[in-house]
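A look at the structure
Below, each chain spelled out in residue letters.
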Amino acid sequence: MFFIIMNIMKLFSIPISQIRQYSFCPRIPYYQIIQSAPKQNPLWIQQGLDFQSKWEEMQKRRKLTRFGIEEQGKVIKHVVVESNELGIHGVIDFVIEIKGEWIPVEIKRRFSALNEGTLLQLVAYAMAAEEQKQIVVKRGFVYYDNKGKVIEIQISKELREKVKNVILKIQKAVSEELLPESSASIGKCAQCEYLRNCNDRNF
């Protein structure tokens, strides 16, 4: 059913990052894709960009043992993936390749509770990599650099279905060009770069 709907809609490929954005608030993909609305970048966004550059330099001195991998493996940075079937594309922070296994890794600067957006984004990367490389991706990692903490994620059937469901919702919002309803909390709205675009957010 998923692929039948996708074929009917015939829409452009969605950046995988929009899956995480949708999980934070369904309105963000609408603003970014439909309206191309200007955003106000909070300080934490620039901090994240600065961190990415510093992390790449630091990573040269680090080993895979922190991921529970003792044997030799290959680390590939900034891996571009695309799925024509799912209608998504993106760039994985890095992939660990070992004994024919591909393991996508999502890097986070600061440790916090694992949220659904990060989880689904990682799974979407795995699904796109599977199509592109004709392999089965069984797991991935979320790596929190400030704590050196690693969370292993199993790429389950349930998570795959959630990713497909979010993709369909984004595609529907794009095709209809209607502002989605949002149940975002005050806390989420306060840190959102599109807060000024929402006239129905009451504080």
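Quick summary incoming for the structure in this document. It should be emphasised that the depicted structure is a prediction, and the values quoted were computed from it without experimental measurement.

Let us now look at the packing of aromatic side chains. On inspection of all chains with the given rule, the structure shows five aromatic pairs. With 5.2 Å between their ring centres and 50 degrees between their planes, Phe67 and Phe141 make a pair best called tilted. One end of the pair, Phe67, is in the loop between α4 (43–59) and β2 (74–83); the other, Phe141, is in strand β5 (residues 139–144), and 74 residues separate them in sequence. With respect to burial, Phe67 and Phe141 carry one shared label: buried. Here the aromatic cluster, defined as three or more aromatic residues joined through ring pairs, consists of Phe67, Phe94, Phe141 and Tyr143. A cation over a ring is seen here: Lys188 above Phe24, with NZ or CZ 5.3 Å from the ring centre.

Attention now goes to the nonpolar core. By size, the foremost hydrophobic cluster in this structure holds 32 residues, and its most contacted members are Ile16, Ile19, Val81, Ile88, Val163, Ile167 and Ile170. Of all the secondary-structure elements, those providing two or more residues to this core are α2 (17–24), β2, β3 (88–98), α5 (116–133), β5 and α6 (157–176). Considering each element in turn, this core owes the most residues, ten residues, to α5. Ignoring anything within four residues of it in the chain, the contact list for Ile16 reads Val81, Ile88, His89, Gly90, Gln121, Ala124, Tyr125 and Ala128. By size, the runner-up hydrophobic cluster in this structure holds eleven residues, among which are Ile69, Phe94, Ile103 and Tyr143.

Applying the stated criterion across every chain yields a total of zero disulfides. Its sulfur unpaired, Cys189 is 6.5 Å from the next cysteine sulfur, which belongs to Cys25. Given a relative accessible area of 9%, Cys189 falls into the buried group. Of all cysteine sulfurs in the structure, the one in Cys25 sits closest to Cys192, which takes part in no disulfide; the separation is 6.1 Å. The exposure class of Cys192 is buried, given its relative accessible area of 16%.

We now examine unusual backbone geometry. For Gln134, which is not glycine, the phi dihedral falls at a positive 55 degrees. Given a relative accessible area of 67%, Gln134 falls into the exposed group. For Glu177, which is not a glycine, the phi torsion comes out positive at approximately 55 degrees. Turning to its location among the elements, Glu177 is positioned in the loop between α6 and α7 (186–190).

Moving on, we get to α5. Compared with an ideal rise of 1.5 Å per residue, which puts 18 residues at 26 Å, α5 spans 25 Å between its outermost C-alpha atoms and is within 8% of the ideal. Looking at where α5 begins, the residue whose side-chain oxygen comes 3.1 Å from the main-chain nitrogen of Gly117 is Asn115.

We now examine the environment of Lys99. Considering the arrangement of structural elements, one finds Lys99 in the loop between β3 and β4 (101–108). In this structure Lys99 comes out as exposed when scored by relative accessible area, which is 75%. As for Lys99 and Glu71, which are separated by 28 residues in sequence, their C-alpha atoms are 9.3 Å apart.

Turning to the pattern of salt bridges, a few remarks are in order. Under the counting rule described, the total for this entry stands at seven salt bridges. Where Glu152 meets Arg139, a salt bridge forms, and the shortest distance between an N and an O atom there is 3.7 Å. Here Arg139 lies in strand β5 and Glu152 lies in strand β6 (residues 149–154), a separation of 13 residues in the sequence. Through salt bridges that share partners, Glu101, Arg139 and Glu152 make up one connected network.

What counts as what
Residues numbered from 1 in each chain as written. Predicted model: local features only at pLDDT ≥ 70, side-chain atom pairs only at ≥ 80, totals over all residues. Heavy atoms only, no water. Phe/Tyr/Trp six-rings, centres within 6.5 Å; stacked < 30°, edge-to-face > 60°. Helix = DSSP H or I, 4+ residues; strand = E, 2+ residues; numbered from the N terminus. Buried < 20%, exposed > 50% of the residue type's maximum accessible area, 1.4 Å probe, protein only. Lys NZ or Arg CZ within 6 Å of the ring centre and 35° of its normal. Core = buried A, V, L, I, M, F, W, Y, C linked by side-chain atoms within 4.5 Å. Contact = heavy atoms within 4.5 Å. Disulfide = S-S within 2.5 Å. Expected span 1.5 Å × (residues − 1). Polar contact = N/O pair within 3.5 Å; in protein donor to acceptor, adjacent residues only side chain to side chain. Salt bridge = Lys/Arg side-chain N within 4 Å of Asp/Glu carboxyl O.

By themselves, these are just geometric observations and shouldn't be taken as functional.
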